[in-house]
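Overview (structure and organization)
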Amino acid sequence: MKYWIITLTLLMAIPFTVCACSHETDEPEITAKPAPAPEPTPEPEPDPEPEGGKVLVAYFSCTNTTKSVAENIAGITDGNLFRIEPQQPYTSADLNYNTDCRANREQNDPSARPAIKGMPENPDEYQIVFIGYPIWWGKAPRVISTFLESGDFSGKTIIPFCTSHSSGLGSSDTDLHPLANDAAWKPGKRFGAGTTKPEIERWIKSLGIDFE
């Protein structure tokens with residue numbers, strides 16, 4: 001009797017064992033997807049060059065009136081100053097307009113080119129060039145012509161400015177264009193005595209050039 005009871009018990013347990021095994025083997029195997037290969041890190045692009053580029057403020061000044069304006073322009077634009085110096089400095093007698101002085105003779109001679117001491121270093125670094133001068137008989141001093149013909153201003157932007165007590169800008173700026181005809185010229189500006197920094201700032205802003 002006990003034999004049959006044990007046998008019956010074993011027979012009844014078999015389906016549960018099969019079901020349990022079947023349930024485990026039917027469960028789909030879950031595998032993690034392989035992690036995607038990391039994408040290559042792109043090389044950083046170089047910072048773009050500023051639109052304005054480096055600024056040069058070149059000026060000629062005998063009484064330091066033009067120098068003062070040039071210093072303000074350089075400070076506003078973060079530009080480099082360069083003083084245009086003649087090899088033979090102008091004396092008071094050279095500037096005595098009531099006589100046959102040196103300045104008068106040079107201004108009356110379109111071909112006059114007074115020698116200058118030198119040119120700015122690394123001129124290729126500059127994209128914008130301010131050129132300042134006093135008005136002599138309605139014109140830029142001939143030393144400015146020497147400066148322009150002594151350098152290569154191709155592709156640069158040139159912005160003339162002048163100083164005077166009473167004379168206007170006249171054609172002093174446009175007369176210079178043929179001396180650097182491969183440059184992009186901006187209209188010039190005349191500054192009188194006592195010009196303030198805010199006035200210069202407003203003019204520079206009106207040029208529409210990004211100096212940052």
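All of the points below concern the structure found in this document. (Residues numbered from 1 in each chain as written. Predicted model: local features only at pLDDT ≥ 70, side-chain atom pairs only at ≥ 80, totals over all residues. Heavy atoms only, no water.)

**A short note on the layout of surface pockets**
One number sums up the size of the largest pocket: a volume of about 370 Å³. Lining the largest pocket are 17 residues, with Pro 134, Ile 135, Thr 163, Ser 164 and His 165 sitting closest to its centre. Tallied by class, the residues present in the lining of the largest pocket amount to seven nonpolar, 10 polar and no charged. (1 Å grid on protein atoms, 1.4 Å probe; cavity = no way out; pocket = protein on both sides within 12 Å on 5 of 7 lines; lining within 4 Å. Points joined across faces, edges and corners; volume = space filled by probe spheres on them. Nonpolar A, V, L, I, M, F, W, Y, C, P; charged D, E, K, R; others polar.)

**Notes on the packing of helix 2 (residues 65-77) against helix 5 (residues 197-206)**
The interhelical angle for the contact between helix 2 and helix 5, taken along N-to-C directions, is 55°, at an axis separation of 10 Å. Between helix 2 and helix 5, the angle is such that the two are oblique. As for the relative orientation of helix 2 and helix 5, their crossing is right-handed in sense. Along the contact surface, helix 2 presents Val 69, Asn 72, Ile 73, Ile 76 and Thr 77, while helix 5 presents Lys 197, Ile 200, Glu 201, Trp 203 and Ile 204. (Axes fitted to C-alpha atoms, helices over the stretch in contact; angles between N-to-C directions. Helix = DSSP H or I, 4+ residues; strand = E, 2+ residues; numbered from the N terminus. Parallel < 35°, antiparallel > 145°, perpendicular 65-115°, else oblique. Left-handed = near helix turned anticlockwise from the far one by under 90°. Contact = heavy atoms within 4.5 Å.)

**Overview of the pattern of salt bridges**
Side chains that differ in sign of charge can pair as their charged atoms come close. As enumerated under the stated definition, the model contains seven salt bridges in all. Residue Lys 139 is joined to Asp 175 by a salt bridge in which the shortest nitrogen-to-oxygen separation is 2.6 Å. Taken together, the positions of Lys 139 in the loop between strand 3 (126-134) and helix 4 (142-149) and Asp 175 in the loop between strand 4 (157-163) and strand 5 (184-185) put the pair 36 residues apart, joining distant regions of the chain. Among the residues examined, Lys 139 registers a relative accessible area of 31% and is labelled partly exposed. (Salt bridge = Lys/Arg side-chain N within 4 Å of Asp/Glu carboxyl O. Buried < 20%, exposed > 50% of the residue type's maximum accessible area, 1.4 Å probe, protein only.)

**As for the packing of aromatic side chains**
Two aromatic rings, taken as a pair, are described by how far apart their centres are and by the angle between their planes. Counted by the stated rule, this structure contains eight aromatic pairs. Centroid distance Tyr 97 to Trp 137: 6.1 Å. Interplanar angle 80°. Geometry classified as edge-to-face. A residue pair is termed long-range when its members are at least 10 positions apart, and Tyr 97 in the loop between strand 2 (80-83) and helix 3 (102-107) and Trp 137 in the loop between strand 3 and helix 4 qualify at 40 residues. Taking relative accessible area as the criterion, Trp 137 reaches 58% and is therefore assigned exposed. Every member of this aromatic cluster is reached through a ring pair, and the members are Phe 60, Tyr 90 and Trp 136. (Phe/Tyr/Trp six-rings, centres within 6.5 Å; stacked < 30°, edge-to-face > 60°.)

**Quick notes on unusual backbone geometry**
In this structure, Asp 78 is a non-glycine residue whose phi angle is positive, near 60°. For Asp 78, the location among the structural elements is in the loop between helix 2 and strand 2. Positive phi outside glycine occurs at Trp 137, with the angle close to 55°.

**A look at the pairing of strand 1 (residues 54-59)**
Within strand 1, five of the six residues are buried, leaving the element largely enclosed by the surrounding structure. By the bridge criterion, six bridges tie strand 1 to strand 3 in an arrangement that is parallel. Its bridge partner lying in strand 3, Lys 54 is registered against Tyr 126. Sheet topology note: the strand 1/strand 2 ladder contains four bridges and is parallel. What sits directly across from Leu 56, in strand 2, is Asn 80. For the crossover that starts at strand 1, traverses helix 2 and ends in the parallel strand 2, the hand is right-handed. (Pairing = 2+ DSSP bridges. Right-handed = clockwise from strand over helix to strand, strands pointing away.)

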